[in-house]
Each structure stands twice: as structure tokens, then as C-alpha cells.
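Summary of the model geometry
Given next are the chains, with one letter for each unit.
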Amino acid sequence: MTSNLDYMRGVKSLRDIDVSGKRVLIRVDFNVPVDAHNNITDDRRIRSALPTINYCIDHNACSITLVSHFGRPKGQYEEKYSLKHIRKRLERLLQKKVEFVEDFEASKDEIATCSLERVFLLENIRFYEGEKQNDPALSKKLASICDVYVNDAFGASHRQHASTYGVTEYVETKVAGFLMMREIEAFSKALQEPVRPIALVVGGAKISSKITLLKAVLQKIDKLIIGGAMSNTFLKALGYDMQASLYEEAYIETARDVLEMARQNSVKIYLPVDIVITDSIEAPVDVKVVPAQDVLAGFKAVDIGPATVKLFGEAIGLSNTIIWNGPMGIYEVDKFSKGTFKIANIIADSYAYTIVGGGDTADAVDRASEAENFSFISTGGGASLELLEGKILPGFSNLDRNLDTID
Ligand code: ADP
Ligand code: MG
């Protein structure tokens, strides 16, 4: 059976084509986190796009046009979502002048003129309503300014938008950039040629948003380690009273199914044995560690406890491939971040192949200062989730393909 990963591995990459003298449009993902003053707090996504941009420059492409979204504007201009805040950092990283294009429709002719070595950055493509609607008119306009389309926006590759998908209809040569290929290779290594045992560490807020993932990977893994609010639903399914904790009543039955599926597939399950509980998330006065069975009346479970860290740590230590998606607690709040950070330390210190998918998990790994110590951290939250669910991402589905050996 052909997996989604096989399919996505089969697309042509930048290395398979000749860009010299070509006008190249690169869909990048510059949707970086910024603080209240528009300072970029993490530029990993910009740095991750550099190999593709530099390759085009080094191989004499003319007019390189970078297209990205930034934040979630509602189809019109909003100052705080302007990509002009990103330009300086990009110039610094590229060590090259980048021309910012406020209105790409008005500047179309200039961009479309082959002009060696010019790098343009278009204003946030989501300022155009047609972007999210995958509007053919916008797709055609984007196609009209290039000879080659390169998709390197892994973080947006699960979107069927004009700049990630629709544009491919109107460009003859369309390939994947190096980041896209790196992401696919990294997940293939974990899922297709893994060194066993494989552990999946899951957490986060909701079982409902990750149930497809759980079901899709259960047959491939050896251990399933569950923390975060997700584990609350599982503990509830075991009959524990989770009091005021976040859990999903409607998914208790699903949690039971997952436990049963795991049993049938001989997957070992690890659930919290102790948890950190609090009387309030916003203004915690009473915070304590209790056995998972003993959540106090009116309290909420907000992190895994020290015994659980030890238990999970031992299971992680015996694994050779570790996939992590979802924090172990409310890691954004200092008091409730210990479990997540300790698990980050443990995974980072292991000798396994370690891969992180999920936007908040990547953020947590960063905050734990462990980003350098993981084998791979995906730049795509939603995209990595859909990839793990077994889907072919739209950002890959229309690209040129190498001779197919797959049917
Ligand atoms: P990712 O983005 O890595 O896929 P999710 O978005 O699924 O992760 O989950 C992250 C969120 O889950 C965080 O905002 C975190 O605060 C929340 N979370 C984790 N554990 C709990 C908990 N016990 N109670 C409430 N929220 C939790
Ligand atoms: Mg998230």
C-alpha cells in the first residue's frame, strides 16, 4: 500500500530542475511569532527557508518573489499583520537587499520583468480575500509573475489556498523546496524506517483534535505515552473522578476504544500516575501533587507529577524513536510547566531519533532550551498533525513528480 509519505516523497524538488534565468516564485512560511511590539520572538521559520532562497540566488534565478501569509487577517489590510515587520530580519539573514512589495497587483509588471538577483517580498497574501478561497483569479495573477513555482511553506501545506495550491494549476514547473523535503524525510525516518521501539508521546488540550492521529499511528508504534489534558479523558475512562479538570465527556468512549485498540496491537500504554492539581489556573493559591485517583473536589489537573515524569522517562529511555506531539500540561503558566519541560529534557537527552510535531510542543521545546537537542522539530503544527494522520497534504499534491514507481 502506498503511504501518504511515499506519495509526498515522490514530488520533484528544486534540485531536480534548472532555475537559471527563471523567474521564481517561492511560497514560504514566514508566519513567525511576534510580541506586542512586533519583535520576532522566534525566527526559525525564516531561517528554515534560507536554503531554498539561497539556492535560487546561487543558481542565477532572476526575480525571486517570496510569498507568505502572516497571522490571521480577515482578507484585508491590517497593520499588525504586515510582512514589512519581517523584511529587516530576512535581509539580515540573507545578507541581501529585499524589496518589499506593498501592492503586488500594481507592481506585477515590474516583478514579472526578469531582473537578475532581485528579491521581492510580497505583502501578506492573506490581505487578499481570494487567498483562503483558493480563488482562480488570484492564483492566475501569482502564476503570471513566474516561470517556476516552489512551495517551501510546510507550515501552510495543509491548506488548499491560492498561494499554496491553486497557483499550481497555472504554472508549468512546480516543485517542492528544501524545507518541504526535509520535513517529509524526517517523518519518513520516524514512521517508515524506524529503529524500534517507537514511542509516541501525546498530550495537549483535546483528545478530539488528535483522535485521527492516534488511530492512524497505533499500528505503527510500540508505546503510547499520554499526558496533558488529553490524559484526563483517558483517566476519566478508567473511572477516576477528574473533578473540574479539562476533559471531553463526549470522547470517553473513544478513549476506551483507543485503549482497546492499543491492547489488540500490543502497544503499551502509559498514563499519569500522579498529577499536579490547582484550585485556579489564572490565580493559583492551592497547588499540589496527588495520585491520579485523588483529584480534590473542585480542583483541576494541570500538569503531570514527578512520579509520572519518572515513569514516562523510563519508557522514553528504552525507546529508539520518539515522536512527540502535545505538551504534558499548561506549559504556558510557569507553575504548570515543569512536567512538559522535564519531558523535553528527557527526550532531548535520549539517544533516540527524536521528532516534534505540533506548534505548541515546538514552542515548549524552545522554552525548555532544548531545540538544538532534538533530531528534528517540524515547522508545521497543523501540517505535521495531518501528515501523521496519514493525509497527503494539498501543498504537495499538485507538484511535479519524479517518475512514479508507485501506483
Ligand atoms: P500542539 O500545538 O503541540 O499540537 P495542542 O494545541 O494540542 O498542542 O495543545 C497545547 C495546549 O494544551 C496548550 O495550550 C496547553 O496549555 C494545553 N494543555 C495541556 N495540558 C492541559 C491541561 N491539563 N489542562 C488544560 N490545558 C492543557
Ligand atoms: Mg496547538
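The structure contained in this document is the topic of the report that follows. In this text the structure is predicted, and so the values were computed from the model without any measurement.

**Here we look at the pattern of salt bridges**
- Enumeration according to the criterion identifies 19 salt bridges in this entry.
- Among the salt bridges present, the one from R45 reaches D29, with a minimum N-O distance of 3.1 Å. With R45 in helix α2 (residues 44-58) and D29 in the loop between β1 (23-27) and α2, this residue pair connects regions lying 16 residues apart in the sequence.
- A salt bridge links D43 to R47; the shortest N-O distance between them is 2.7 Å.
- When its relative accessible area of 12% is taken as the criterion, D43 is described as buried.
- By relative accessible area, which is 41% here, R47 ends up partly exposed.
- Here the residues in one salt-bridge network are R9, E185 and E193, joined through shared partners.

**Thoughts on the side chain of S157**
- By the element assignment, S157 lies in the loop between β5 (148-151) and β6 (173-176).
- The exposure class assigned to S157 is buried, which follows from its relative accessible area of 0%.
- The contact partners of S157, leaving out residues within four places of it in the chain, are M180, A383, L393, P394, G395 and F396.

**What to know about helix α12 (residues 338-349)**
- Look at α12: 16 Å from first C-alpha to last across 12 residues, which is about the 16 Å you get at 1.5 Å a residue.
- Of the residues making up α12, those classed as buried are G339, T340, I343, A344, I347 and A348. Viewed along the axis of α12, the buried residues span an arc of 165 degrees, placing them on a single side of the element. Looking at α12, the residues exposed on the side facing more than 90 degrees away from the buried face are K338 and D349.
- Looking at the buried positions of α12, the neighbouring elements they touch are β7 (198-202), β12 (300-304), α11 (306-317), β13 (321-325), β14 (353-356) and α13 (359-367).

Definitions and cut-offs
- Residues numbered from 1 in each chain as written.
- Chains lettered and ligands numbered in written order.
- Predicted model: local features only at pLDDT ≥ 70, side-chain atom pairs only at ≥ 80, totals over all residues.
- Heavy atoms only, no water.
- Salt bridge = Lys/Arg side-chain N within 4 Å of Asp/Glu carboxyl O.
- Helix = DSSP H or I, 4+ residues; strand = E, 2+ residues; numbered from the N terminus.
- Buried < 20%, exposed > 50% of the residue type's maximum accessible area, 1.4 Å probe, protein only.
- Contact = heavy atoms within 4.5 Å.
- Expected span 1.5 Å × (residues − 1).
- Arc of directions from axis to C-beta.

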